Amino acid sequence: MGRLAERTKHIADSPTMAITATVDRLRRAGVEIIDFGAGEPDFTTPEPIKAAARAAIDQNFTKYTPASGIVELKRAICDRYRTDYGVEYTESETLVTAGGKQALFNAALSVFDPGDEVITHAPYWPTLTEQIKLAGAKPVLVRTHADDGFAIRADAILAAVTPRTRGIILNSPCNPTGALISEDDAAAIAIEAARHGIWILVDLCYEKLIYDAVPHNLPAVFARHARDLTVLCGSASKAYAMTGWRCGWALGPAPAIAASAAIQSHSTSNVSSITQKAAVAALTGSQATVRAMLDEYRIRRDTLDQWLSADPRLRCQKPAGAFYMFIDVSELLSVDGVRTSAQFSQTLLDESRVAVTPGEAFDAPGFIRISYATSMENLREGSNRLLAFVKAHAPRAVAAG
Ligand SMILES: Cc1ncc(COP(=O)(O)O)c(C=O)c1O
């Protein structure tokens, strides 16, 4: 057998994809599953966005576009950020990418070198650390804690800075915790990063899914203190229920964007021309559907929290953003029974046909992640099954009934 490249040896499969694959397999075998694993909205893409895509096809807008994206879409992205955050970016500071994932990947390849250290916070979305490794750099993890609401603290991040630190990656709202970084902490990080010439990549994938009107203008904070060192990575996926269309973007200093565009031009080239037209409609059209989806997620979050709080051994916290409940199940693990959250999730799937994502997928053993991007009926049925499972499996020493 041929020898695989060295870089493949350090890359793990996406564990979140593994859960989806198991669910798919069981479903194909006719097994009925309540799926709390989904990392994507259950809503359909809003009609005006689909109409724009149909029009693009009908008008034969189906050829290559500039690799970095069509001007119309770059302008739409810049206008959206100006309107929503008051920041100014130009077309040469904007790149259209195949999802936020590619924006982050291009940026990592553009600004990190082998041997560099890149700080991020854990629990984390696993792609962030794998991308750091693909760039040859070393992830440096700063823990956030459940009893602190998984807050991303500037002092903790900055305490991890060494002379080798080349970058800091922040994800707020965070997947899997739903936590936000405060503007003060973001500013403190930006100021120090600017002093040391450290890059900041901000994963804003869930930026439109924040439940309360808390100050969270990260684009403005980073533009004010570290504009030349910040790459903002956004996405149409979650806000507009467009995960399959593959559209995201990067906003940042022109040299980093040009480097990212060059990498993209030699790998995937332009995002689908049809998708780009759809994204223009998403960004320039009414944002009412975004608010409607957020309102629905909020109701689900509150209801789920209420249901699961019936058993205090499922230690829940209401997330401030995104659509995941990250639950501490460590009290339910025992040495002689289900020992890890991975086993907990597997047994729950095998016995009760409920799919959750184990905390191990996010470097957070002892937790499970429930996605409430699913219907209220599914949430009700899945919660009932989970509560019954907990009752049946609780370690005897702490069993509460
Ligand atoms: C934290 C986070 N960032 C970025 C992404 C990328 O999503 P996309 O590439 O669809 O924009 C995801 C997707 O699940 C995510 O959870």
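The preceding data block contains the structure.
Residues numbered from 1 in each chain as written. Predicted model: local features only at pLDDT ≥ 70, side-chain atom pairs only at ≥ 80, totals over all residues. Heavy atoms only, no water.

So, on to the state of the cysteines. Here the structure, examined in full by the defined rule, presents 0 disulfides. The structure places no disulfide on Cys174, whose sulfur is separated from the nearest cysteine sulfur, that of Cys205, by 11 Å. Note on Cys233: no disulfide assigned, nearest cysteine sulfur contributed by Cys205 at a separation of 10 Å. (Disulfide = S-S within 2.5 Å.)

Before going further, it helps to examine the pairing of strand S6 (residues 199–203). Across the 5 residues that make up S6, a large majority, 5, are buried. Neither face of S6 is left uncovered, since the one carrying Trp199, Leu201 and Asp203 and the one carrying Ile200 and Val202 both have all their residues buried. Both strand S5 (residues 165–171) and S6 contribute to a ladder of 5 bridges, which runs parallel. By the bridge assignment, Ile169 is partnered in S6 with Leu201. Judged from the 4 bridges that link them, S6 and strand S7 (residues 230–235) form a sheet pairing that is parallel. Note that in S7 the partner of Val202 across the bridge is Leu232. (Buried < 20%, exposed > 50% of the residue type's maximum accessible area, 1.4 Å probe, protein only. Helix = DSSP H or I, 4+ residues; strand = E, 2+ residues; numbered from the N terminus. Pairing = 2+ DSSP bridges.)

This brings us to helix H9 (residues 254–265). The terminal C-alpha atoms of H9, which comprises 12 residues, lie 16 Å apart, in line with the 16 Å expected from a rise of 1.5 Å per residue. Looking only at H9, the buried set comprises Ala256, Ile257, Ser260, Ala261 and Gln264. Here the buried residues of H9 occupy an arc of 135° about the axis, which is enough to place them on one side. If you follow the buried residues of H9, they end up packed against strand S2 (94–97), helix H4 (99–111), S6, S7 and strand S8 (248–251). (Expected span 1.5 Å × (residues − 1). Arc of directions from axis to C-beta. Contact = heavy atoms within 4.5 Å.)

Under the counting rule described, the total for this entry stands at 26 salt bridges. One salt bridge connects Asp148 with Arg153, and the closest N-O pair in it is separated by 2.7 Å. The partly exposed category is assigned to Arg153, whose relative accessible area is 37%. Residues Arg313 and Asp311 are paired through a salt bridge, measuring 2.7 Å at the closest nitrogen-oxygen approach. Residue classification places Arg313 among the buried residues on the basis of a relative accessible area of 4%. Three or more residues are tied together by salt bridges with common partners; here these are Glu32, Glu381 and Arg385. (Salt bridge = Lys/Arg side-chain N within 4 Å of Asp/Glu carboxyl O.)

Another point: the packing of helix H12 (residues 341–352) against helix H13 (residues 376–393). Direction vectors running N to C along H12 and H13 enclose 110°, while the axes themselves pass 11 Å from each other. Classified by the angle between their axes, H12 and H13 sit roughly perpendicular to one another. For the pair H12 and H13, the crossing hand works out as right-handed. Side by side, H12 and H13 meet where Phe344, Thr347, Leu348, Glu351 and Ser352 of the first sit next to Arg385, Leu386, Phe389, Val390 and His393 of the second. Across the contact of H12 with H13, the residue classes tally to 5 nonpolar, 3 polar and 2 charged. (Axes fitted to C-alpha atoms, helices over the stretch in contact; angles between N-to-C directions. Parallel < 35°, antiparallel > 145°, perpendicular 65-115°, else oblique. Left-handed = near helix turned anticlockwise from the far one by under 90°. Nonpolar A, V, L, I, M, F, W, Y, C, P; charged D, E, K, R; others polar.)

In a regular helix each residue adds 1.5 Å, so 21 residues correspond to 30 Å; helix H11 (residues 288–308) covers 30 Å between its end C-alpha atoms and thus fits that length. Along H11, the residues classified as buried are Val290, Met293, Leu294, Tyr297, Arg300, Arg301, Thr303, Leu304, Asp305, Trp307 and Leu308. In this structure, the buried residues of H11 make contact with strand S9 (324–328), strand S12 (367–371) and H13.

This paragraph deals with the packing of aromatic side chains. Geometry of an aromatic ring pair is reported as the spacing of the ring centres plus the angle between the planes. Applying the stated criterion across every chain yields a total of 12 aromatic pairs. On the basis of an interplanar angle of 80° and a centroid distance of 6.0 Å, the ring pair of Phe326 and Phe362 is categorised as edge-to-face. Of this pair, Phe326 sits in strand S9 while Phe362 sits in the loop between strand S11 (357–358) and S12, placing them 36 residues apart in sequence. Like Phe326, the residue Phe362 is buried in the burial classification. Ring centres 5.3 Å apart and planes at 85° place the aromatic pair Phe344 and Phe389 in the edge-to-face group. (Phe/Tyr/Trp six-rings, centres within 6.5 Å; stacked < 30°, edge-to-face > 60°.)

So, on to unusual backbone geometry. Most peptide bonds take the trans form, and the phi angle of most residues other than glycine is negative. The omega torsion across Ala122 and Pro123 is 0°, close enough to zero to call that bond cis. Checked against the element boundaries, Pro123 lands in the loop between strand S3 (117–122) and helix H5 (126–134). Between Ser172 and Pro173 the backbone carries a cis peptide bond, its omega angle lying at -5°. Positionally, Pro173 belongs in the loop between S5 and helix H7 (183–196). Of note, Asn60 is a non-glycine position whose phi angle comes to about 55°, a positive value. Counting through the fold element by element, Asn60 comes out in the loop between helix H2 (47–58) and helix H3 (71–85). The exposed category is assigned to Asn60, whose relative accessible area is 57%. A positive phi angle, close to 60°, is found at Asp363, a residue other than glycine. For Asp363, the location among the structural elements is in the loop between S11 and S12.

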